[in-house]
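# Chain and residue survey
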Amino acid sequence: MHQDRAHPNFSKDSIMRSNLPAKEYFLNKSIPGHTDYIIVEHIDSGMNAHMFRAWNESINSYFACKIIPKSNLINYDEDPEEWRDEVLKANRLEIDTVVKIFHVSEWKDAEKGIDCVALCANFIKGENLEKYIKKNKMSVTVAFIEDFLLEMLSFFNAMAAQ
């Protein structure tokens, strides 16, 4: 049975996840416009995007590459450039805890149904907060929570200042 966005049992989250192309499509491919940027490993996938580790031959270094279907970008249908402003806002913040985007490109392959953007940033080895907490429940102390909240409040203050 065909379901569409108006169906009451069809959540926005399932729509967004359904928009994600197969992660295997991107493996071992170069990022459009940059033949020396090669996707080498799938790291994780969320509701909106896939996260990959990529290799930049010209500088002999790894970086992170987030692939987001355009249909999952904030207000893409109403204003196709608004998402770019939203994503790049963090680049204006002058704090070390913010991951800065250094390259943005479109990734289209009409034959395969790919209509995405690729966001490239420094690769930070580690786990996201959810995975860290699941693996390290005993390490989540009051001191850990205080440190985390201080970092988040510093981030929010920096955003408010911008």
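Nothing here was measured: the structure is a model prediction, and the numbers come from that model. (Residues numbered from 1 in each chain as written. Predicted model: local features only at pLDDT ≥ 70, side-chain atom pairs only at ≥ 80, totals over all residues. Heavy atoms only, no water.)

Take the pairing of strand β4 (residues 61–69) next. As paired elements, strand β3 (residues 50–56) and β4 share 7 bridges and run antiparallel to each other. Considered in β4, the bridge of Asn56 is made with Ser61. From the end of β3 to the start of β4, which pair antiparallel, there are 4 residues, and Asn60 there has a positive phi angle of about 55°. Pairing analysis gives 7 bridges linking β4 to strand β6 (residues 114–122), with the strands arranged antiparallel. Opposite Ala64, over in β6, you have Ala121 as the bridge partner. (Pairing = 2+ DSSP bridges. Helix = DSSP H or I, 4+ residues; strand = E, 2+ residues; numbered from the N terminus.)

Attention now goes to the confidence of the model for the chain. Mean pLDDT over the chain stands at 83; residues scoring 70 or higher make up 89%. Helix α1 (residues 12–19) is the least confidently modelled element of the chain, averaging 56 in pLDDT, while β3 averages 95, the highest of any element. Counting contacts from residues 1–15, a segment whose pLDDT is below 50, to residues more than four positions away or on other chains yields 8 contacts. (pLDDT = per-residue confidence, 0-100. Contact = heavy atoms within 4.5 Å.)

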